[in-house]
Amino acid sequence: MVTANVHSAPKDPLRFFPAEATQVVAVVPQPRALVEALLNHPRAKDAQSLPQVREFLDSANLRKFFQLLAYYEKDLGARWPELLDQFAGDGLAIGAKFGDDNAPVLAVLQGRDKARVTKLVELITYLVEDERTRAGSKEAIARKKYQGIEAIEISKDLLIAQVGDALLVANKNESLKAGIDQHTANTKDSAAKNLANSSVRKDVGKILDGDPLAWIWVNLKPLKERQEAKDLFATPRSNVILTVLFAGLLDVARRADYVAVGFFREKDDLKLTVRLPAGRKDTAPDVELHLPKDPKAGGSLAPFDLPGMLACHSFYMDFDTFYTKKDQIFPPQTSKDLENAEKQISRILINSTLPKFLASTGVHHRVVAVQPEKVPGYGKQPETRLPAVAFVTTMRDPSFAKSMTSIIKAGALAASGQATLRSWEEEIEGVQAFGYSFPDNGKFPDDPMNIRFNYQPTFAAVDDQFIFASNKGLCRDLIKTIRAEGKKTADNANLQTAVNFRGLSDFTNVLPEIPLAGMILSQGVPLAEAKTQTAVFYKFLDSLGRVTLKTEYSGTEFHFDLLWKPAK
C-alpha cells in the first residue's frame, strides 16, 4: 500500500499539451505505484534467484547505479519511492505528434513539491557539467529564457524546463516551446483548450475499465488521412492476405477515431488491454470471415486444456463466406481467379464441388500443441524431439468428414511416389480413425535428422468435429476432451489463445542433458551446481503460470486483452 505525503489537489500533467497538436500520449498516473507494482511482484522477486538475473544485478554498472542512488537519497534526504512521489507523484505524461523517427516529443513530470523539483533540476545540471568536465569539455550548458521560463539545453536532443512544480523534458526546441506556450495560454485563460480538458481523459475513462497503472491514447484520425492508410482500410483491398488474416482488425481501425491501451495489475495478475470505440455495428462484408453476423452465434470455442499442453489457439473463420461473398470481399481479379480455381478443384472432389465442400465446413477451429509423443513401433528415433500438434475444426454437415477423408487418402496416394507411408485404420475411444506410419527403412525426402519419426498422422471425426492430429495419442486425448465438452456454446471472443508455461518447461526438459550442458558452458559451473541452477530455472518457469489472449467485439467496442496469471 502506497502512502503519499499530504499535498494539494493533483495537477494534471496533460495541461501542458496542445489538444490539436498532440496525436499520441502515454500517461502514468502514479509512477511510484507502477514501479512498485512491477518490482514487488512475487515473480520479480523469484527471478532474482536465477543465475542470469543475479549476474545482471551484480554487474559493475548496476552496482555503480545503486551506489549513486544511495548517495543522492542521502543528499536529498529521502528514499527513492518518496523522491519519485515528490518529483512525479501526480503523473508522468509523454506526448508526441506523428512524423519521422525524430518526431517532436514532450514529457512532463508533475511533481508534488516545487522545491524538490528545483533540486532535481540542479542535480541533473550538476551531473551533466561534471561529466563534461571529466571528459575534458569546456562547453557550458546553454540556458535561455522563453516566455519568462528558463530552458536548459542538456544536449542537442535533450532540453528541460521547470514550470513551478512540473518538469518539462523535450527532444526538440519546438516541442518544449509548445509546452511552455500552452502553459502561458492556460495562465491567461483558465478555459484555454489543452489535452487535460479535452475529451481524451473522458474517452479513456469510459473505454478502459478500472484504474490502469499506465495508459496510452492514440488519435487515429490523422493516420487515416494518409494514402497508405486509405488503401489499407479500403474494401475490397488489393492485399488479399491482409483481408484473410486481419479483416476484422482493419475494419475496426477504419471506423474508430482513437485507440486506448491500458496496463493493469489485479492482485498478482497483469493485464494489457487494447480497446477501440467500434464494434459489430456497420462492419464491412469481409469482417464476416472472422466474426459471425449474428452475435448470438458466438465467436470461438474455449481453448483445449490437455495434459502437457504447450499452447492452444482457437479462432473463428468462415470458409463458406470466403467463397460465397468473394465479389464483395476481394478485388475483381482475385474473385475471377477463385472462380477458375473452383472449376479445377471441383473436378477432384468426389461426389461434391468446391462450393458444397466449403458450405459443409464449420466456423470454429482450434490448433493445439502438446508434449512430444514417442510413437510405439518405430525402431528409429528422431534426433530432435518436437511437440505433437493437432488442428480441430467443426463441421456444418457430416459430408465434410467423407470429403476430407477422400482428400487425405488421395493425397497420401499421390505422395507415395516420394515417401513411403504405411496406412492403418483402427478404433480409438470408440471412434473409427485412420492414419499413416513411417516405416523404419522407408524412403522420405530431405529428412537426415529423422524428424518424421516424431509423428504418426491420425484423423478422426467425433460428433460435429474433425481431428487432424500428428499423433495417435494426441488424437485419443482430443476425442475424450471433445466428448466431455459436449455441445459447447462458443464464447463471445472471436479469437482466444492460451500458453502454458508449465508445458513449455516440460518441453524444454525433454532432453535434460541439453539445457544442462548449456548451463555448464554459459555459467562455467561444475555439474552439481549446473543441476541445481537448472532445477531453479524450471521451478521459476513453472511458476509463471498461463498467458491468455482474447479479441472480442461488442456492439460498439473492440477489446484485445492479454492476461498473465502466474501459478499460485
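Residues numbered from 1 in each chain as written. Predicted model: local features only at pLDDT ≥ 70, side-chain atom pairs only at ≥ 80, totals over all residues. Heavy atoms only, no water.

Topic: the layout of surface pockets
- Approximately 790 Å³ is the volume found for the largest pocket.
- If you go around the largest pocket, you meet 26 residues; those closest to its centre are Phe65, Phe66, Leu69, Glu73 and Trp80.
- Among the secondary structure elements, those contributing two or more residues to the lining of the largest pocket are helix H1 (31-39), helix H2 (42-47), helix H3 (51-57), helix H4 (60-76), helix H5 (80-88) and helix H6 (114-134).
- Broken down by element, the residue count for the lining of the largest pocket peaks at seven residues, all from H4. (1 Å grid on protein atoms, 1.4 Å probe; cavity = no way out; pocket = protein on both sides within 12 Å on 5 of 7 lines; lining within 4 Å. Points joined across faces, edges and corners; volume = space filled by probe spheres on them. Helix = DSSP H or I, 4+ residues; strand = E, 2+ residues; numbered from the N terminus.)

Brief notes about the pairing of strand S17 (residues 465-469)
- The buried count for S17 comes to five of five residues, which makes it a mostly enclosed element.
- Pairing between strand S13 (residues 388-395) and S17: five bridges, direction antiparallel. Note on S17: the bridge partner recorded for valine 392 is isoleucine 467.
- Taken together, the five bridges between strand S16 (residues 458-462) and S17 define a ladder with antiparallel strand orientation. Looking at S17, one finds that valine 462 is bridged to glutamine 465.
- Hairpin connection of S16 to S17: two residues between the antiparallel strands, including aspartate 463 at a positive phi of 55°. (Buried < 20%, exposed > 50% of the residue type's maximum accessible area, 1.4 Å probe, protein only. Pairing = 2+ DSSP bridges.)

Side note on the confidence of the model for the protein chain
- Summarising the model, the protein chain shows a mean pLDDT of 91, and 98% of its residues fall at 70 or more.
- The least confident element of the protein chain is helix H19 (residues 513-523), whose mean pLDDT is 79; the most confident is S17, at 98. (pLDDT = per-residue confidence, 0-100.)

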